[in-house]
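So you can see what is in the structure, the chains are spelled out below.
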Amino acid sequence: MAAPRDEMLTIPQVIEEIGVPRATFYRWRQLRKGPKAIKLPTGAGRLGLSEGALWIEPV
């Protein structure tokens, strides 16, 4: 049985979902405090929905 595919969100979608300024999101990523993203051949970044959800859940 195949594993379910993870929905991929654009970076603007993630920023809107978590409600932080774009600069903050990119600063977190630069500091390696953000979720891992994949880079498409077009250069656009995508984040898995499950990866982002785990990242924004309070600890």
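If you're wondering where the values come from, they're calculated on a predicted model, not measured in any experiment. (Residues numbered from 1 in each chain as written. Predicted model: local features only at pLDDT ≥ 70, side-chain atom pairs only at ≥ 80, totals over all residues. Heavy atoms only, no water.)

Colleague: Explain the overall build of the chain to me, and be specific about the residues and the numbers.
Modeller: Regarding its fold elements, the chain presents three helices and three strands. Helices and strands in the chain line up, N terminus first, as β-α-α-β-β-α. Each of the 59 residues in the chain was classed as buried or not, and the buried ones make up 20%. When contacts within the chain are restricted to residue pairs at least 6 apart in sequence, long-range pairs at least 24 apart make up 46% of them. Total accessible area computed for the chain in this model is approximately 4,900 Å², and 56% of it derives from carbon and sulfur atoms. (Helix = DSSP H or I, 4+ residues; strand = E, 2+ residues; numbered from the N terminus. Buried < 20%, exposed > 50% of the residue type's maximum accessible area, 1.4 Å probe, protein only. Contact = heavy atoms within 4.5 Å. Areas by Shrake-Rupley, 256 points an atom, 1.4 Å probe, with all protein chains shown as cover.)

Colleague: An account of helix α1 (residues 11-18) is needed here, citing residue identities and associated values.
Modeller: Of all the positions in α1, only Ile11, Val14 and Ile15 are classed as buried. Projected down its long axis, α1 shows its buried positions confined to an angular sector of 100 degrees, all on one face. Those residues of α1 that are exposed and aimed more than 90 degrees away from the buried face are Pro12, Glu16 and Glu17. Contacts from the buried residues of α1 go to β1 (8-10), α2 (22-30) and β3 (45-48). With its phi angle positive at about 70 degrees, Gly19 sits one or two positions after the end of α1. (Arc of directions from axis to C-beta.)

Colleague: Can you lay out the confidence of the model for the chain for me, pointing to particular residues and giving the numbers?
Modeller: Confidence along the chain averages 75 in pLDDT terms, with 71% of residues attaining 70 or more. Element-level mean pLDDT values for the chain span from 58 in helix α3 (residues 49-56) up to 88 in α2. (pLDDT = per-residue confidence, 0-100.)

Colleague: So what's going on with the packing of α1 against α2? Which residues, and what values?
Modeller: Two numbers describe how α1 lies on α2: the axes approach to 10 Å, and their chain directions differ by 105 degrees. One finds that α1 runs roughly perpendicular with respect to α2. Along the contact surface, α1 presents Ile11, Val14, Ile15 and Ile18, while α2 presents Arg22, Phe25, Tyr26 and Trp28. (Axes fitted to C-alpha atoms, helices over the stretch in contact; angles between N-to-C directions. Parallel < 35°, antiparallel > 145°, perpendicular 65-115°, else oblique.)

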